[in-house]
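Fold and geometry: a report
For reference, the chains in residue letters:
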Amino acid sequence: MVMQRHQLTCAGIAFVLYLHHLVGTIEVPLDSNIQSELPQPPTITKQSVKDYIVDPRDDIFIECEAKGNPVPTFSWTRNGKFFNVAKDPKVSMRRRSGTLVIDFHSGGRPEDYEGEYQCFARNDYGTALSSKIHLQVSKSPLWPKEKVDVIEVDEGAPLSLQCNPPPGLPSPVIFWMSSSMEPIHQDKRVSQGQNGDLYFSNVMLQDAQTDYSCNARFHFTHTIQQKNPYTLKVKTKKPHNETSLRNHTGMYSARGITETTPSFMYPYGTSSSQMVLRGVDLLLECIASGVPAPDIMWYKKGGELPAGKTKLENFNKALRISNVSEEDSGEYFCLASNKMGSIRHTILVRVKAAPYWLDEPQNLILAPGEDGRLVCRANGNPKPVIQWLVNGEPIEASPPNPSREVAGDTIVFRDTQIGSSAVYQCNASNEHGYLLANAFVSVLDVPPRILAPRNQLIKVIQNNRTRLDCPFFGSPIPTLRWFKNGQGNTLDGGNYKAHENGSLEMNMARKEDQGIYTCVATNILGKAEAQVRLEVKDPTRIVRGPEDQVVKRGSMPRLHCRVKHDPTLKLTVTWLKDEAPLYIGNRMKKEDDGLTIFGVAEKDQGDYTCVASTELDKDLAKAYLTVLAIPANRSRELPKERPDRPRDLELTDLAERSVRLTWIPGDDNNSPITDYIVQFEEDRFQPGMWHNHSRYPGSVNSAVLSLSPYVNYQFRVIAVNDVGSSLPSAPSERYQTNGARPEINPTGVQGAGTQKNNMEITWTPLNATQAYGPNLRYIVRWRRRDIRGSWYNETVKTARHVVWNTPIYVPYEIKVQAENDFGRAPEPDTFIGYSGEDLPSSPRYLRIRQPNLESINLEWDHPEHPNGVLTGYSLRYQAFNGSKTGRTLVENFSPNQTRFTLQRTDPISRYRFFLRARTQVGEGETLVEESPALLNEAYTKNQVDIATQGWFIGLMCAIALLVLILLIVCFIKRSRGGKYPVRDNKDEHLNPEDKNVEDGSFDYSDEDNKPLPNSQTSLDGTIKQQESDDSLVDYGEGGEGQFNEDGSFIGQYTVKKDKEETEGNESSEATSPVNAIYSLA
């Protein structure tokens, strides 16, 4: 048996002392009864901010709340003059409050009420002031009309596009877009400065592909105003192609752009200075031009950048230092560098400070005749000036007070008297701002009062520490003493310790310390007393606890728990099994001095703990019970069945979010119950449908169930053993929980397009136990992710919302927030969705390389506009040779694959390729390319190939026949030797000087031996064609012409005419073999 003892007192083991009273000052207790009886000067509890900007579309509320006794009255000044609220029908003041309400429902201009307001709260003991509230109406002026000319700039030159937004209140948020509302891509070359201008470190040709418009978004009106767009005309030295527009090594030299060293575009020069106020964020900026675009780095002279406070922004062009302090002043410099060189700009940072508190004056409560002081210490740069006021007036102009002395930032009070109560204001100001604090001085004379309940009874276990409390109040501060049983000796020392807050502590309570204790509080105005009764009780002890046992299954072990305790305290004995409450069923019997288990089984094995407790203390003892199984040959197998259903369900300990369910188990039918399943049903969302709530071990019959708001519960229980589950119990009575706002938001939020111009937002809706209230709905918010624009929202009751008219496949930020009639769930997480996809554009390029006659290498790039998630590529290709084409083959590739090697089926044919990218919508535009011809090999192969064709053999035979006929005719004519009459001079003009022209004939025999143009006479006198660089052998048998790209024969036989012949007579008819026959016949 293991015995463990724990002792508790009514105040607990830990002892915490009350706060000590401040010497010379009085603290008013928080007791509302005391505070309502004591006079108190006014104190401002709530006010509007100093710089108060309001929406012109709404009513204006200028807040001013104060407390005091009597209740304060309120008045206002506007621009330093009394503001008569009663004279203006649009202005009213809330009841028991100083808050001004300016109502514009019946018309009026909010601008008429701009100015500086100050609230005054008064009662009989002084006047408190609010800060001066500068009221301004938000403004969003229109952009001035202006004509923007086309800007011409050389490629590589720097450029800045000015925004100059209209001055709004507050200042608008600036961003750049194209006139088609597409965001301008920014990087280290192109970026927006803090002044709103758009800077180009160097202009590239692609910058002219869009226009540039400055946009101003105004906070209160939620409007965006757009400036007329700039149009760029970039003058370049070289033509471009798509490849030259990409950033790569040697891009600038390839474009003919001179690389230059960096130069600062902002700020100008080599140095500048900047002043910042303490506590705000400092933003330093350096923007430089140069080719290539420079990199920016930041340094601080003489040290490191402030640790934990710095952040680089805008592609390292801006350095932000948060919550600036005086230690952050000094010289900072930015270094702009590229491969051509570097430059630096030094910024001298001077940190000034608006006033801030070192010691803010605190309220002071004094008794008549006491001394005190108010301290107002502030710092700033420059050093702030301290000014004291009393009840809203300069202290110099107030009536003289001999008990008051002003010494700079301190007011000293000596021998204060009744009637000296007032509210003092401390104003600390310099050129950067001011602080205003109210602190009242209240002079009270209050007789002692005991704040503790009368006739307290304190019970404590013997030998434990205890404390008797006697809180008190009075002015002057009373002295307090303790007495026991009416004796005159003050209790302090030895076993007792008296504290200044009125408590009497005993280190060890003994039987002889029992009795009645009296506390007496005394000051010059009287005394008060209270009595506390102390009872010392005997401790609770387990004199015989359970012992470790080893028993056989089916036996009847007994666990002892005999307890001794104080008879005046109520004793409770409970049992635990394995640290969980033990269910005392039909097989167990709990007695005053122990626990008996009938027919013990294996499931009864475990740790058993007896806990004996009273309201003051407890004791416990623990033992382990081991159960041995009976051998199988000695046991008689009993029939096992599913357990009987539990019964008599009862709901107790009803709470807002929990309830205790208790049930009586049914018979286990010779198979121990291993689990209980608790189910619930609600009658609002899914009436009649039961859901699993929780599961508990078979050793318990009571459980605390966690509940959800706004559910009308009823419960049932199912018992489970090794055979199966019981029938469900009869339902419990219903228990209705109160409603509340949802605590979770929907899960599974997704955004995907079902069409190319929409995005469907879906989510998993809340179930019945998550709705928490009536009229469950969902607030759906979305916005474009890339431009960070305004949020759009829609409230729906279904788990789906479709956004229409979206661009193709752009990311959106999505939020879905649950809401019911009790309120909204916490701010939801942001999810990323995409609008609908479309067919992709063609791949950017398809490059074809032929490293050898056996293979062709293909390489391509992704589409410029994928319009969705690429799912792959489709490549169709076919071989062709002249007019012959092969069958089309298809290859499909993954979206990450951009290369393919084709094994040629023969080394002669060329290939035509059709490449398309694919999304889930389908295949996009086709990119068509052909493999180039292999010149040397192709011509040789074509010669062999053509010579074996039937049509080519037939053509050669026909030509040979014609040549034979020509030779025969020539032979006949030659043998005649006669004249050939010329009947038709249309074919060729003769030389007028020729004598044969006169009779219309010429001597053909004289011409036979003349060489034709472009021919030579061989040594044997025959005519031989003039040699050329191209032979028939080079182009195939029987042909003197040339082949076009597809291999067709396009040449024809030609004979050059004499240069003096006219163009009209240079007909090709006489040069063909057929015409030659006709002319010689």
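One can find the structure itself at the top, above this paragraph.
Sequence order sets the numbering: in each chain, residues are counted from 1 along the sequence as written. Owing to the predicted nature of the model, reporting of local features is limited to residues with pLDDT of at least 70; listing and counting of side-chain atom pairs is limited to 80 or more, with chain, interface and lining totals taken over all residues. To get the side-chain values, all heavy atoms of the structure are used, and hydrogens and water are removed first.

1. What about the overall build of the protein?
Within the protein, the regular secondary structure consists of 8 helices and 84 strands. Buried residues are those whose accessible area, probed at 1.4 Å on protein chains only, stays under 20% of the maximum for their type, while exposed residues exceed 50% and partly exposed ones sit between those limits. Split into buried and exposed, the 1081 residues of the protein put 41% on the buried side. For the protein, restricting intrachain contacts to residue pairs at least 6 apart in sequence, the fraction spanning at least 24 positions comes to 64%. We get accessible surface area from the Shrake-Rupley algorithm with a probe of 1.4 Å; when it comes to residues, only the shown protein chains can shield them. Summed over its atoms, the accessible surface of the protein is roughly 59,700 Å², and 50% of this surface lies on carbon and sulfur atoms. In DSSP terms, a helix is any run of H or I states spanning at least four residues, a strand is any run of E spanning at least two, and both are numbered starting from the N terminus. Should any heavy atoms of two residues lie within 4.5 Å, those residues are considered in contact.

2. Considering the packing of aromatic side chains
We call Phe, Tyr and Trp rings a pair once their centres come within 6.5 Å, taking the six-membered ring for Trp, and we label the pair stacked below 30 degrees between planes, edge-to-face above 60, and tilted otherwise. The final tally for this structure, using the stated rule, is 19 aromatic pairs. Joined through ring pairs, the aromatic side chains of Trp 860, Tyr 873, Phe 893 and Phe 900 make up one cluster. For a ring to carry a charge above it, either NZ of a lysine or CZ of an arginine must fall within 6 Å of the ring centroid while also lying within 35 degrees of the normal to the ring plane. Residue placement shows Lys 50 over the ring face of Tyr 434; its charged tip is 4.1 Å from the ring centre. A cation sits over an aromatic face here: Arg 278 above Tyr 356, 3.6 Å from the ring centre.

3. Topic: the state of the cysteines
Two cysteine sulfurs form what is called a disulfide whenever their separation falls within 2.5 Å. One pass over the structure, following the stated rule, counts 6 disulfides. Here Cys 163 connects covalently by a disulfide to Cys 214, the sulfurs 1.9 Å from one another. Sign of the S-S torsion, about -70° for the bond between Cys 163 and Cys 214, identifies this disulfide as left-handed. Of this pair, Cys 163 sits in the loop between strand S14 (159-161) and strand S15 (173-177) while Cys 214 is found in strand S18 (residues 213-218), placing the two residues 51 residues apart along the sequence. Paired by a disulfide, Cys 286 and Cys 334 hold their sulfur atoms 1.9 Å apart. On the sign convention where negative means left-handed, the S-S torsion of about -75° between Cys 286 and Cys 334 marks this disulfide as left-handed. One end of the pair, Cys 286, is in the loop between strand S23 (282-285) and strand S24 (287-291); the other, Cys 334, is in strand S28 (residues 330-338), and 48 residues separate them in sequence. For Cys 286, a relative accessible area of 0% puts it in the buried group. The exposure class assigned to Cys 334 is buried, which follows from its relative accessible area of 0%. For the protein, the bonded cysteines connect in the pattern 1-2, 3-4, 5-6, 7-8, 9-10, 11-12 when numbered consecutively along the sequence.

4. So, the pattern of salt bridges
For this document, the term salt bridge refers to a Lys or Arg side-chain nitrogen within 4 Å of an Asp or Glu carboxyl oxygen. Per the counting criterion, the structure on display carries 56 salt bridges. Linking Asp 281 and Arg 320 is a salt bridge whose minimum nitrogen-to-oxygen distance equals 3.8 Å. Highlighted residues: Asp 281 in the loop between strand S22 (271-277) and S23 and Arg 320 in strand S27 (residues 318-321), separated in sequence by 39 residues. By relative accessible area, which is 42% here, Asp 281 ends up partly exposed. Overall, the relative accessible area of 25% leaves Arg 320 in the partly exposed class. With a shortest N-O distance of 3.5 Å, Arg 553 and Glu 602 are connected by a salt bridge. On the criterion of sequence distance, the pair formed by Arg 553 in the loop between strand S49 (549-552) and strand S50 (558-560) and Glu 602 in the loop between strand S55 (594-597) and strand S56 (606-613) is long-range, its members being 49 residues apart. Judged by relative accessible area, Arg 553 falls into the partly exposed class, the value being 42%. A relative accessible area of 36% means that Glu 602 is categorised as partly exposed. Each of Arg 558, Lys 589, Glu 591 and Asp 593 takes part in a single network of salt bridges with overlapping partners.

5. Describing the sheet that holds strand S46 (residues 515-523)
Here the rule is simple: two strands pair whenever DSSP picks up at least two bridges between them. Strands sit in the order S40-S47-S46-S43 across an open sheet of 4 strands; the sheet is mixed. One side of each edge strand has no neighbouring strand; the edge strands of this open sheet are strand S40 (456-461) and strand S43 (479-484). Going from strand to strand, the sheet's axes swing by 25° on average, the running direction of each strand aside. Of the strand pairs in this sheet, S40 and strand S47 (residues 526-537) are connected by 6 bridges, and their pairing is parallel. Axes here mean lines fitted to C-alpha atoms, for a helix over just the part in contact, with angles spanning 0 to 180 degrees between N-to-C directions.

6. Some words on unusual backbone geometry
The general pattern is negative phi for most residues beyond glycine and trans for most peptide bonds. Along the chain, Asn 69 connects to Pro 70 via a cis peptide bond; the corresponding omega equals 5°. One can find Pro 70 in the loop between strand S5 (64-69) and strand S6 (73-78). Look at the link from Asn 381 to Pro 382: it is a cis peptide, with omega at 5°. With respect to the secondary-structure elements, Pro 382 resides in the loop between strand S32 (377-381) and strand S33 (385-390). Within the chain, Asn 79 stands out as a residue other than glycine whose phi angle is a positive 55°. Mapped onto the secondary structure, Asn 79 falls in the loop between S6 and strand S7 (81-83). You can call Asn 79 partly exposed: its relative accessible area is 46%. Of note, Asp 578 is a non-glycine position whose phi angle comes to about 55°, a positive value. For Asp 578, a relative accessible area of 41% translates into the label partly exposed.

7. A look at the sheet that holds strand S9 (residues 100-102)
The 3 strands lie next to each other as S4-S9-S8, forming an open sheet whose pairing is antiparallel. Two strands close off the open sheet at either side, each with one partner strand: strand S4 (60-62) and strand S8 (91-93). Direction aside, neighbouring strands of the sheet carry axes that sit 20° apart on average. In the sheet, S4 pairs with S9 via 3 bridges, with the strands oriented antiparallel. If you follow Ile 60 over to S9, its bridge partner there is Ile 102.

8. Considerations on a nonpolar patch on the surface
To count toward a patch, a residue needs a relative accessible area over 30% and no salt bridge; like charges are then connected within 9 Å, while nonpolar side chains (Val, Leu, Ile, Met, Phe, Trp, Tyr) are connected within 5 Å. Side chains of Leu 961, Leu 964, Ile 965, Ile 968, Phe 971 and Ile 972 sit close together on the surface and give an oily, nonpolar patch of about 580 Å² of accessible area. If you trace the backbone, Leu 964 turns up in helix H5 (residues 950-976).

9. What about the nonpolar core?
For the purposes of this section, nonpolar cores are sets of buried Ala, Val, Leu, Ile, Met, Phe, Trp, Tyr and Cys residues that join through side-chain atoms within 4.5 Å. In this structure, Ile 62, Trp 76, Leu 100 and Tyr 117 are the most contacted members of the largest nonpolar core, which totals 31 residues. When residues of this core are traced back to their parent elements, those giving at least two are strand S3 (51-54), S4, S5, S6, S9, strand S10 (115-123) and strand S12 (133-137). Not counting residues up to four positions away in its chain, the partners in contact with Leu 100 are Ile 60, Phe 61, Ile 62, Trp 76, Phe 83, Val 85, Val 91, Ser 92, Met 93 and Tyr 117. Residues Leu 491, Leu 504, Cys 519 and Leu 534 belong to the second largest nonpolar core, which totals 21 residues.

10. Here's the deal with the environment of Thr 410
In this fold, Thr 410 is placed in strand S36 (residues 410-413). Distance from Thr 410 to Arg 373, taken between C-alpha atoms, is 6.9 Å for residues 37 residues apart in sequence. Once residues within four sequence positions are removed from consideration, Thr 410 is found in contact with Arg 373, Leu 374, Val 375, Trp 388 and Glu 405.

11. Side note on the pairing of S32
Consecutive side chains along a regular strand alternate between the two faces of the sheet. The alternating pattern of S32 places Ala 378 and Gly 380 on a buried face, while none of Arg 377, Asn 379 and Asn 381, on the opposite face, is buried. Looking at chain direction, strand S29 (residues 341-359) and S32 are connected through 4 bridges and run antiparallel. Residue pairing across strands places Trp 357 opposite Ala 378, the latter belonging to S32.

12. A few points about the pairing of strand S78 (residues 899-903)
Burial along S78 is one-sided: Phe 900 and Leu 902 are buried, while Arg 899, Thr 901 and Gln 903, pointing the other way, are not. For strand S74 (residues 855-860) and S78, the ladder comprises 5 bridges, and the chain directions are antiparallel. Within S78, the position partnered with Glu 859 by the bridge is Arg 899.

13. Quick word on the environment of Thr 346
Here Thr 346 is to be found in strand S29. Separated by 11 residues in the primary sequence, Thr 346 and Leu 335 place their C-alpha atoms 9.0 Å from one another. Excluding residues within four positions of it along the chain, Thr 346 makes contact with Thr 270, Ser 271, Ser 272, Glu 331, Tyr 332 and Phe 333.

14. Points about the side chain of Thr 466
Within the secondary structure layout, Thr 466 lies in strand S41 (residues 466-468). Those residues in contact with Thr 466 that sit more than four places away from it in its chain are Ile 458, Val 460, Leu 504, Glu 505, Met 506 and Ala 509.

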